[in-house]
Every structure is written in structure tokens, then in C-alpha cells.
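Spelled out from the first residue to the last, the chains are:
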2 protein chains.
Amino acid sequence: MANRINLDRILKILEATSTLEGIQDVIEKVRDLFEIDHIVYHWVDSAGDQYGCGTYSDDWVQRYLDQEYLRTDPVIIGCYQRFHPVDWKRLDWSSKSARIFLADAQAHGVGNQGYSIPIRGPNGQFALFSVSHNCDDATWEKFTEKYSRDLILLAHYFNRKALDFEPNRAPEQSRTLSPREVDVMTLLAMGYSRAQVAETLAISEHTLRVYIESARFKLGALNTTHAIARAMSRGLIVV
Amino acid sequence: MANRINLDRILKILEATSTLEGIQDVIEKVRDLFEIDHIVYHWVDSAGDQYGCGTYSDDWVQRYLDQEYLRTDPVIIGCYQRFHPVDWKRLDWSSKSARIFLADAQAHGVGNQGYSIPIRGPNGQFALFSVSHNCDDATWEKFTEKYSRDLILLAHYFNRKALDFEPNRAPEQSRTLSPREVDVMTLLAMGYSRAQVAETLAISEHTLRVYIESARFKLGALNTTHAIARAMSRGLIVV
DNA sequence: TTCGCCCTCCCCCAAAACAGCGAGGGTGAA
DNA sequence: TTCACCCTCGCTGTTTTGGGGGAGGGCGAA
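In this text, all values refer to a predicted model and were calculated from it rather than measured experimentally.

Conventions adopted
- Residues numbered from 1 in each chain as written.
- Chains lettered and ligands numbered in written order.
- Predicted model: local features only at pLDDT ≥ 70, side-chain atom pairs only at ≥ 80, totals over all residues.
- Heavy atoms only, no water.
- Helix = DSSP H or I, 4+ residues; strand = E, 2+ residues; numbered from the N terminus.
- Buried < 20%, exposed > 50% of the residue type's maximum accessible area, 1.4 Å probe, protein only.
- Contact = heavy atoms within 4.5 Å.
- Areas by Shrake-Rupley, 256 points an atom, 1.4 Å probe, with all protein chains shown as cover.
- Lys, Arg positive; Asp, Glu negative; His and termini not counted.
- Charge placed at Lys NZ, Arg CZ, Asp CG, Glu CD.
- Near = heavy atom within 4 Å.
- Polar contact = N/O pair within 3.5 Å; in protein donor to acceptor, adjacent residues only side chain to side chain.
- Nonpolar A, V, L, I, M, F, W, Y, C, P; charged D, E, K, R; others polar.
- Salt bridge = Lys/Arg side-chain N within 4 Å of Asp/Glu carboxyl O.
- 1 Å grid on protein atoms, 1.4 Å probe; cavity = no way out; pocket = protein on both sides within 12 Å on 5 of 7 lines; lining within 4 Å.
- Points joined across faces, edges and corners; volume = space filled by probe spheres on them.
- Buried area = accessible area lost by both parts, 1.4 Å probe.
- Pairing = 2+ DSSP bridges.
- Axes fitted to C-alpha atoms, helices over the stretch in contact; angles between N-to-C directions.

Student: How would you explain the overall build of chain A if you had to name every residue and give the values?
Tutor: Scanning chain A from terminus to terminus reveals 10 helices and 5 strands. With the C-alpha coordinates aligned to their principal axes, the bounding extent of chain A is approximately 70 × 45 × 30 Å. Put simply, chain A has 239 residues, and 51% of those count as buried. Sequence separation of 24 or more characterises 61% of the internal contacts of chain A that already satisfy a separation of 6 or more. By element, 49% of the accessible surface of chain A is carried by carbon and sulfur atoms, the whole surface being about 11,600 Å². Distance between charge centroids for chain A: 6 Å, based on 27 positive and 31 negative side chains.

Written as C-alpha cells, this is what we have:
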């Protein structure tokens, strides 16, 4: 496998790329530079949507979608609870569905070795950056050890690009909440009832209601729960 | 500021460190190597807890906690919605509370320049890795441009360590929601009432309630609003 | 097979939230 | 000064949730 990589150059090219086709070119170029079989960037939305780009065969990608492997793929499941990059060997392949998945993946040309880096963005965004290859354990360990830092940076930059392309939830700068409203919404998000919040803030429950309604109005929310959800996803409150 | 950094060496030392005191040593060493004023790693928990380590004065740290600046700090608020590292100059400092915070920070020796990298881990974990310094804009831009990749890696490795020290903040936390529960929570977060959700999912309202209660239980939430807030901050649902 | 978990449905009643109508005083900007 | 917004407090209802019981079938793992 590759001996020396000019990572800076790759990252600069990636940064300058502005089309999906360009990304595909870059990912293939990176794969060739690293001299490995596959590189994949895989975005997983918790709503179930996914977007991927990489060097897997179309057959395998289609198969993955058709079989809804998203729910059984041990790489996804394992990485979802982790922060560290992980070698595929260290994942849990014991379940029956995992073994079926593995056999299917191998049959479609996915290498016997793999290394995945979980990445997370705002609003619960989750993605994986994976490299895979066909080789023995020792060779693979040498590879991952040597390039783990480069791979982390690559993962970071690929995700950056993905977020650039994603129609970012409109940066609507809605009116901000007043300090008191922030207090109220924060306490509500912490599970306090209206009565508890009123007591905590040492105001009457009636006053409290005015704040909630005002915040609800500002956020265009249908009820308190909705208002909390909007305030959180806009980063107006931190809980 | 620093001319050449042997990042590999730093990261290896950091990886080998196993005590909080050791981390503090490393962070100070790194600051000296970069020849800047401050480096801070700041963990923000979804419960509102925070843990930090860095080179700020104890006075400022205490002040930050006392004033609950977590809720007003534009760096926190700004980074919470971003994936990209961000220069402090590009944040929104227009609100009154932000200006008060800024003045207070300056008075406590925080530099006029700053650069923060948001980091996210499993279960909605969120942290910031920040560097700050006192210098003019041009010098700072040169610094951040030159070292942004090193800083990303440092952020990543510091967060790794933090997660190592904090294996799992709650054993039950890792429990995920069932698909149906995700549906329910998502629709509730979108402002639907129970009746509307039940109609949308074509199930009885009674069934619906079972899901809500089950989700509430799994999330350790006190009521529906709380459950929504927790599910969101853990990235289990996206709205 | 048993056990655990997921999905589905039903009852009742108390507690909480929502919705509408009010009121007044403070502050900061145009 | 006016105007907008923030903070505070009150009343009377209706609607929605929450908590306590239940029941049964399905599916996958141990």
C-alpha cells in the first residue's frame, strides 16, 4: 500500500470541489493514492434517509438499500455508539443477521479488512467514513496505524463537503428569545412542569404562561413541546 | 507564534496520558509549543453539566460558572449549530448579553482572538476545543490557516481522552428507541397532538400512549416535553 | 421453548396544559 | 413622547396529558 501521501494537497482539492461528480472523482483519486480497494462516505439521517459516495459497486449499493442493511450493518450499529475510529474486526459480528450481511458484503467485493470513522454534525447528523481492503491482518494494522490521523482529517473534510451540499436547515435567524423566555424554555426542556418552573423562577404560573405563549408565538410553534423542539434545533436553548 | 510543530509526538503523549493531571500538563505543553495564550477543552453535557480543562485562570472559570455564561457565550451558541471550526470574529456578538460576556472575558485575560472547533460524540455529547490569543487579525488568520488541521486532530484526540475518562455517563443512556417510538417522538416534536399523531400513524391513541411512555421510560424523562428534549439532544430524532 | 421486546388495542379519572379575556409598570430606541 | 418590547399578575373555562389498571400476537435470541 501507499508509502507517502501528500494529504495537504488532497484536502485542498477536496475543499475546492463544488459538485457531487467532483467529490466522486476525489474519492476515487484518494483511493488510488492510498492504494486500497474502497473508500466510502456514508451519511445516515436518523429519519432513515441516507446518502453515500464511494467506490463500492452499484450492485452492492443497490443491494444495501434493498435489504435495508442500514439496520443490521454492524459497522453502522457499532460506530453509532462510539467516538473512536474502529477496525471492523473489533465489531460484534456474532448475530445471525450480521453474519448474513458479512457474507453478502464479501460476495459483492467489499474487502475482508475495514476501518470506519464515525462523524457527527449539528442536529443529530451522523456519517461514516470507511476504508476497506483485501489483505492479511498484519498489513492492515500497519496501514491503519500509519494513516489513522490522515483518515480522521479526510473524514472531517468529506463531512464538511457533505454539509455544504445539504440544503442546510434554513439559517432563518428568527427573533431571539428574551432572557426570561430562555429560562422558561430551558427549565421546561429539563422536564419541569409549569408549576415547578414558576416556583423555581419565583414568578406566578400566570406570568409563566405568558412567557411560554410568547416564546411559542416567536417560534411559530403549535404547542409547548413543539416550541422546545424548535428552540433546541435552532440552538436557542442548550439542554 | 510557533513555526513548526511535531504533532505526532504530541498526540502520542496525549494518547499515553491516563490521569486528569496529565491532561492538564499536556494542554499546557501544547499551548507553549504553539506559543499562544490559551487552549481550552470544554465539555458540555446534555444535562447542563460541564467539564473543562485548559489554561484559563481559575478566576475566569469560576466566573464563567457563576454567571452561567454557558447560556450566553456566543462561542457555545454559535458552534452548537455548526460543524466547521469557527473564528470567534465570525460569531454573532451583537446581543447585549454577548457584549457583556465579551467585556468580562477580556477583563479576565481571554485573548481578543479565538478559534473553536465543535466536536460531537455519541448520545448527543458536545464539546469545544478552543485556542485564543492576543494579536492582530492578520497574524491570527495566518496562525489558524496554518494549524487548522493540527487543531482538528488535537480536538479529536482531546475528546477521545475525555470520553475515555467518562466511559458512559449513564448505563441506560445507550438504549435506543424502537422505530415506532422514533416515529412518535418525531411527530410530537413537530407539534402534533397525540390525537393527530395517532391519526397520522394510523394507530389508536392508546397504542400511541404506550409508545410515548415507553420512550419516556427509556430516556429517563419526566414528561413528554422532557423526552423530546432528551431524544433531540441525543440525536435520536431530528426535527 | 422460553424470555424479552415490539406492536396493537381497551377502560377510567385526576392533573396539567391550553385558550380566551383582562390589568399595570418598566426600559430603551426612534 | 410615543412605541415596542419585556416583566409581572389575575380570572374562567375546555382540551389534552398522565398514571393506573388491563389484554393479546409476533419475532428473534438464548
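Student: Account for the protein's contact with DNA strand D, with residues named and values stated.
Tutor: Around DNA strand D, 18 residues are found, and the nearest of them are Ser204(A), Tyr211(A), Arg209(B), Arg216(B) and Thr224(B). Of all atoms in DNA strand D that approach within 4 Å of the protein, 64% are sugar or phosphate atoms. Thr207(A) is positioned with one of its side-chain polar atoms (N or O) 2.9 Å from a phosphate oxygen of DNA strand D. Between DNA strand D and the protein, one listed contact pairs a base oxygen with a side-chain N or O atom of Arg209(B) at 2.5 Å. Mapped by element, the contributors of at least two residues to the surface near DNA strand D are helix H7 (179-189) and helix H9 (205-219) of chain A together with helix H9 (205-219) of chain B. Residue contributions to the surface near DNA strand D peak at 6 residues, all from H9(A). Here the residues of the surface near DNA strand D are counted per class, giving 4 nonpolar, 6 polar and 8 charged.

Student: Describe in detail the pattern of salt bridges, supporting the description with residues and values.
Tutor: All names here are of chain B. Here the structure, examined in full by the defined rule, presents 23 salt bridges over all chains. Between Asp32 and Arg31 there is a salt bridge, with the nearest N and O atoms lying 3.3 Å from each other. Salt-bridge contacts for Asp164 lead to Lys161; the nearest nitrogen and oxygen are separated by 3.8 Å. Of this pair, Asp164 and Lys161 both sit in helix H6 (residues 137-165), 3 residues apart, which is roughly one turn of that helix.

Student: Break down empty space enclosed by the protein for me, with residues and values.
Tutor: Counted under the stated rule, the structure contains 8 cavities of 30 Å³ or more. Empty space within the largest cavity amounts to approximately 340 Å³. Lining the largest cavity are 26 residues, and of these Asn123(A), Gly124(A), Met232(B), Ser233(B) and Gly235(B) lie nearest its centre. Secondary structure elements with two or more residues in the lining of the largest cavity: helix H10 (224-233) of chain A together with helix H10 (224-233) of chain B. Within the lining of the largest cavity, the residues separate by chemical class into 11 nonpolar, 12 polar and 3 charged. Along the wall of the second largest cavity there are 16 residues; nearest its centre are Ile119(A), His156(A), Phe83(B), Ile119(B) and His156(B). Among the elements of the structure, strand S4 (113-120) and helix H6 (137-165) of chain A together with strand S4 (113-120) and H6 of chain B are those that each provide at least two residues to the lining of the second largest cavity. Classifying every residue of the lining of the second largest cavity gives 12 nonpolar, 2 polar and 2 charged.

Student: Go over the interface of chain B and chain A, please, and point to the residues and values.
Tutor: A common measure of how large an interface is: the accessible area buried when the components associate. Across the contact, 52 residues belong to chain B and 46 residues belong to chain A. Both sides together, the interface formed by chain B and chain A hides about 4,500 Å², and carbon and sulfur atoms give 60% of it. Across the contact surface, chain B and chain A share 4 salt bridges. Counting every contact that joins chain B to chain A gives 13 residue pairs in polar contact (both at pLDDT 80 or more). The element that contributes the greatest number of residues to the side of chain B that touches chain A is H6(B), accounting for 10 residues.

Student: Which residues make up the protein's contact with DNA strand C, and what values go with them?
Tutor: Around DNA strand C, a shell composed of 16 residues is seen, among which Arg209(A), Thr224(A), Ser178(B), Ser204(B) and Tyr211(B) lie nearest. Each atom of DNA strand C within 4 Å of the protein was assigned to sugar, phosphate or base; sugar and phosphate come to 63%. Secondary structure elements with two or more residues in the surface near DNA strand C: H9 of chain A together with helix H7 (179-189) and H9 of chain B. Here the surface near DNA strand C takes 6 residues from H9(B), the largest share from any one element.

Student: An account of H7(B) is requested, with residue identities and associated values reported.
Tutor: Each turn of an α-helix holds 3.6 residues, which means side chains three or four residues apart point in the same direction. A large share of H7(B) lies buried, amounting to 8 of its 11 residues. Taken as a whole, H7(B) has its buried residues at Glu181(B), Val182(B), Val184(B), Met185(B), Thr186(B), Leu187(B), Leu188(B) and Ala189(B). Along its buried surface, H7(B) packs onto H10 of chain A together with helix H8 (194-201), H9 and H10 of chain B. Downstream of H7(B) by a residue or two, Gly191(B) has a phi angle that is positive, lying close to 100°.

Student: Kindly report on the sheet that holds strand S5 (residues 126-133) of chain A, identifying the contributing residues and their values.
Tutor: All names here are of chain A. Ordered by their spatial adjacency, 5 strands build an open sheet running S2-S1-S5-S4-S3, and the pairing between neighbours is antiparallel. Pairing within the sheet leaves two strands with one partner each, and these edge strands are strand S2 (50-54) and strand S3 (86-87). The strands that helix H2 (residues 20-34) touches are strand S1 (38-44) and S2; relative to S2, the one it contacts most, it runs at about 50°.

Student: Tell me about the pairing of S4(A), residues and numbers included.
Tutor: All names here are of chain A. Extensive coverage of S4 is indicated by the burial of 8 of its 8 residues. Of the two faces of S4, the one holding Gln113, Tyr115, Ile117 and Ile119 and the one holding Gly114, Ser116, Pro118 and Arg120 are both buried throughout. Two strands pair when backbone bridges link them, and S3 and S4 are joined in this way by 2 bridges, in the antiparallel orientation. Across the sheet, the residue bridging to Val86 is Ser116, located in S4. Inspection of the sheet shows S4 paired to S5 by 8 bridges, in the antiparallel sense. Residue pairing for S5: Ile119 is matched across the bridge by Ala127. Connecting S4 to the next strand, S5, in antiparallel fashion are 5 residues, including Asn123 with a positive phi near 55°.

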